[in-house]
Amino acid sequence: KKEKREKEGKSVKTPKGKSKFSNKYSDRIASIREADEKARIKTQKEQINTLINIAKIYTNQNTEKLPENNSISVITIQELKESGLINKSQILDPKTKEELTGCILIKDENNKYNYEYNEDTCNNLITVTFDPQGGQLDQTSKNVIPNETYGILPTPTKEGYTFMGWNGKNKLAIPVEYATAAETR
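About the thresholds
Residues numbered from 1 in each chain as written. Predicted model: local features only at pLDDT ≥ 70, side-chain atom pairs only at ≥ 80, totals over all residues. Heavy atoms only, no water. Helix = DSSP H or I, 4+ residues; strand = E, 2+ residues; numbered from the N terminus. Buried < 20%, exposed > 50% of the residue type's maximum accessible area, 1.4 Å probe, protein only. Areas by Shrake-Rupley, 256 points an atom, 1.4 Å probe, with all protein chains shown as cover. Salt bridge = Lys/Arg side-chain N within 4 Å of Asp/Glu carboxyl O. Core = buried A, V, L, I, M, F, W, Y, C linked by side-chain atoms within 4.5 Å. Contact = heavy atoms within 4.5 Å. Pairing = 2+ DSSP bridges. Axes fitted to C-alpha atoms, helices over the stretch in contact; angles between N-to-C directions. pLDDT = per-residue confidence, 0-100. Phe/Tyr/Trp six-rings, centres within 6.5 Å; stacked < 30°, edge-to-face > 60°. Lys NZ or Arg CZ within 6 Å of the ring centre and 35° of its normal.

**Student:** Is there a simple way to explain the overall build of the chain in this structure?
**Tutor:** On a plain count of helices and strands, the chain comes out with three helices and nine strands. When the helices and strands of the chain are listed from N to C terminus, the series reads α-β-β-α-β-α-β-β-β-β-β-β. Taken across its 185 residues, the chain has 32% of its residues classed as buried. When the accessible area of the chain is evaluated, it comes to approximately 13,000 Å², of which 46% is carbon and sulfur surface.

Next comes the structure, spelled out in structure tokens:
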């Protein structure tokens, strides 16, 4: 009788009195869950590709954000939001419905740019603030990856002065250049 009920796909009493579905239904439920997970992963990959394409548009409009000399630049999701190029629905995780927290890393590999989405790196970024000391500066801060180079640094202008370069905090004698590795202090 038990075997007949299982073949028909009906609930069967286990020896402990608990109900269990036959293998036919268990397999179907597992198959549905697997299909849902594959769809979520596909949606997430499409979402990341969209973010990368938006980052490419953003860097075309803001070329100072591109890295040079085999360095890495970072564009945060927040920067893309503030640019107006993305809306909230484009940065919601398809499964959790929470905003993505990653960033786009742009690597200069012999003047060929490689864009990559990364979540972990963004949690450890260093924000470098530039003080033009009375001069004019378009970019007052930059996110950099610890132990990676700064990349392109902004150049301030001030009438009657020639910019000689950046120095670290407390006016260190050590100059800070695009190839200097970023470190926390």
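That was the structure; now back to the text.
**Student:** Teacher, can you tell me more about the pattern of salt bridges here?
**Tutor:** It is possible for side chains bearing opposite charge to pair when their charged atoms get close. Enumeration over the complete set of coordinates arrives at three salt bridges. Two residues, Lys81 and Glu99, come together in a salt bridge whose shortest N-O distance is 3.1 Å. Residue Lys81 is located in helix H3 (residues 77-83), and its partner Glu99 is located in the loop between H3 and strand E4 (103-108); the two are separated by 18 residues in the primary sequence. For Lys81, a relative accessible area of 29% translates into the label partly exposed. Taking the relative accessible area as the measure of exposure, Glu99 reaches 30% and is therefore partly exposed.

**Student:** What is the right way to read the nonpolar core from this model?
**Tutor:** Note that soluble globular proteins tend to have their nonpolar side chains buried in a common cluster. Judged by nonpolar contacts, the single largest core of 17 residues is most densely connected at Leu51, Ile86, Ile104, Tyr115 and Tyr117. Within the residue set of this core, elements represented by two or more residues are helix H2 (23-61), H3, E4 and strand E5 (113-118). For this core, the element with the highest residue contribution is H2, accounting for six residues. When sequence neighbours within four positions are dropped, the list of residues in contact with Leu51 reads Ile77, Leu80, Ile86, Gln90, Ile91, Leu100, Ile104 and Tyr117. Core analysis: the second largest hydrophobic core is formed by eight residues, Phe130, Val144, Leu153 and Trp166 among them.

**Student:** Can you help me understand the sheet that holds E4 in this one?
**Tutor:** Sheets are built from strands paired through backbone hydrogen bonds, the pairs being either parallel or antiparallel. Sheet architecture is open: three strands sit in the order E3-E4-E5, paired in antiparallel fashion. Unpaired on one side and paired on the other, strand E3 (72-76) and E5 mark the two borders of the sheet. On average, each strand axis in the sheet is tilted by 25° relative to the strand beside it, whichever way the strands run. In this structure, E3 lies alongside E4, joined through five bridges in antiparallel fashion. Bridge pairing in E4 places Ile72 opposite Lys107.

**Student:** What exactly am I supposed to notice about the confidence of the model for the chain here?
**Tutor:** Low-pLDDT portions of the prediction should not be read for the details of their coordinates. Predicted confidence across the chain gives a mean pLDDT of 76, with 73% of residues reaching 70 or more. Mean pLDDT in the chain bottoms out at strand E2 (residues 19-20), which sits at 51, and peaks at E5, which reaches 90.

**Student:** I'm lost on the packing of aromatic side chains in this one. Help?
**Tutor:** Two measures describe an aromatic ring pair: the distance that separates the ring centres and the angle between the ring planes. For the structure shown, the criterion picks out two aromatic pairs. When the ring of Phe163 is compared with that of Trp166, the centres are 5.2 Å apart and the planes differ by 65°; the resulting orientation is edge-to-face. One aromatic cluster in this structure is built from Phe130, Phe163 and Trp166. Over the ring of Tyr161 we find Lys158; its NZ or CZ atom is 4.6 Å from the centre of that ring.

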